[in-house]
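Chain residues, written in single-letter form:
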Amino acid sequence: MPRIVTVGAAQMGPIDRKHSRADVMERLIAHLREAKRMGCDLVVYPELTLTTFFPRWYMTDQREIDSFFEREMPGPETAKLFAEAKRLGLGFCLGYAELAPEDGRMAHYNASILVDRDGRILGKYRKVHLPGHAEHEPWRRFQHLEKRYFDVPKEGFGVWRAFGGVFGMCICNDRRWPETYRVMALQGAEMILLGYNTPVHNPPAPDHDDLALYHNRLVMQAGAYQNACWVVGVAKAGPEEGVPMIGGSQIVAPSGVTVAATRSDGDELAVAACDLDACASYRNTTFNFGLHRQPQHYGLIASRKGIVPPS
Ligand code: ING
């Protein structure tokens, strides 16, 4: 019996500062209803789906900063999403800014959750690779202050049994680092779910701007193929508060082939029926970790003087 999971990559167009959580809920629920009509089992939303990408602004007032965070999940404004998903029998993956009491203080995480069809939260992931900077850098067209507003979590990448398979999560910049996929694949991940908010323009490297969509596809296709797993990447896209963000949401098979993708920069659902057993064709051959990997050779070998000594 093939283990098919029909996935909806629920790309979101711009969410502006003036958009309330209620406004966003309407759009997220519209995605759920279309996904149900399309036969989906699971809907994947972008990173920080509930608000505009606020790290683009320099803020000093902690109350203002915390207004972009959720103190509980589900909370009063997100409960209706959980209720509608449960009513429709859909699971979902949701990215949001999490305010969490920890060691006597309030920790701030860029988080995502995996929710089962019955509304239970199966797992939570907190973004490991926080890009950008921590202090105001006025030379930039816009800021990217994730290092200012989010904490690096204590825990790393995990996987959870769900929807008949093994699922992992990561967030945005995580997808650019090969370790991200490998750590989850070594735990048995068959499908990795991720959301992203990626500006077209990267201030430290403007010469990369024309390749933004290519790099987006490259890293997810490589991650999928080299780790014999499905990768679902979902954008918050379009001109958001004057900053163009890439679209390019897509579902990538273990072969590395993109099997479904959005074409717009707005709210758009890309759907694919994903056979989790398709992972085996690569994980039992080319990427049979037990048979072919040589981890004893991957560390820094003190006896070998590399061209560039370790920093
Ligand atoms: N955004 C971007 C991302 O990794 C970035 C930051 C853009 C890094 C372009 C490098 C190049 O897709 C988030 N939110 O991580």
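Further up the page is the structure itself.
Residues numbered from 1 in each chain as written. Predicted model: local features only at pLDDT ≥ 70, side-chain atom pairs only at ≥ 80, totals over all residues. Heavy atoms only, no water.

Trainee: I would appreciate a short explanation of the packing of aromatic side chains in the present structure.
Mentor: Aromatic ring pairs are defined here through the distance separating the ring centres and the angle between the ring planes. Scanning the entire structure with this criterion turns up eleven aromatic pairs. On the numbers, 5.1 Å between centres and 85° between planes, the contact of Phe82 with Phe92 is edge-to-face. Here Phe82, found in helix α3 (residues 79-88), pairs with Phe92, found in strand β3 (residues 91-102); they are ten residues apart in sequence, far enough to count as distant. A single burial state applies to Phe82 and to Phe92, both of which are buried. Centre to centre, the rings of Tyr125 and Phe157 are 5.4 Å apart; their planes meet at 15°, and the pair counts as stacked. A residue pair is termed long-range when its members are at least 10 positions apart, and Tyr125 in strand β5 (residues 121-126) and Phe157 in the loop between α4 (146-149) and β6 (159-162) qualify at 32 residues. (Phe/Tyr/Trp six-rings, centres within 6.5 Å; stacked < 30°, edge-to-face > 60°. Helix = DSSP H or I, 4+ residues; strand = E, 2+ residues; numbered from the N terminus. Buried < 20%, exposed > 50% of the residue type's maximum accessible area, 1.4 Å probe, protein only.)

Trainee: Looking at this model, I keep getting lost on the environment of Gly75. Mind explaining?
Mentor: Assignment of secondary structure puts Gly75 in the loop between α2 (62-66) and α3. Residue Gly75 is classed as buried on the basis of its relative accessible area of 8%.

Trainee: Mind showing me how you'd approach the side chain of Asp116 here?
Mentor: Residue placement: Asp116 occurs in the loop between β4 (105-115) and β5. Beyond its immediate stretch of four places on either side in the chain, Asp116 contacts Leu90, Gly91, Leu122 and Phe163. (Contact = heavy atoms within 4.5 Å.)

Trainee: Would you mind showing me how to read a nonpolar patch on the surface here?
Mentor: Taken together, Leu211, Tyr214 and Leu218 make up a surface patch of nonpolar side chains, about 280 Å² in accessible area. Tracing the backbone shows Tyr214 in helix α6 (residues 212-226). (Patch = residues over 30% accessible without salt bridge, like charges linked within 9 Å, V, L, I, M, F, W, Y side chains within 5 Å. Areas by Shrake-Rupley, 256 points an atom, 1.4 Å probe, with all protein chains shown as cover. Salt bridge = Lys/Arg side-chain N within 4 Å of Asp/Glu carboxyl O.)

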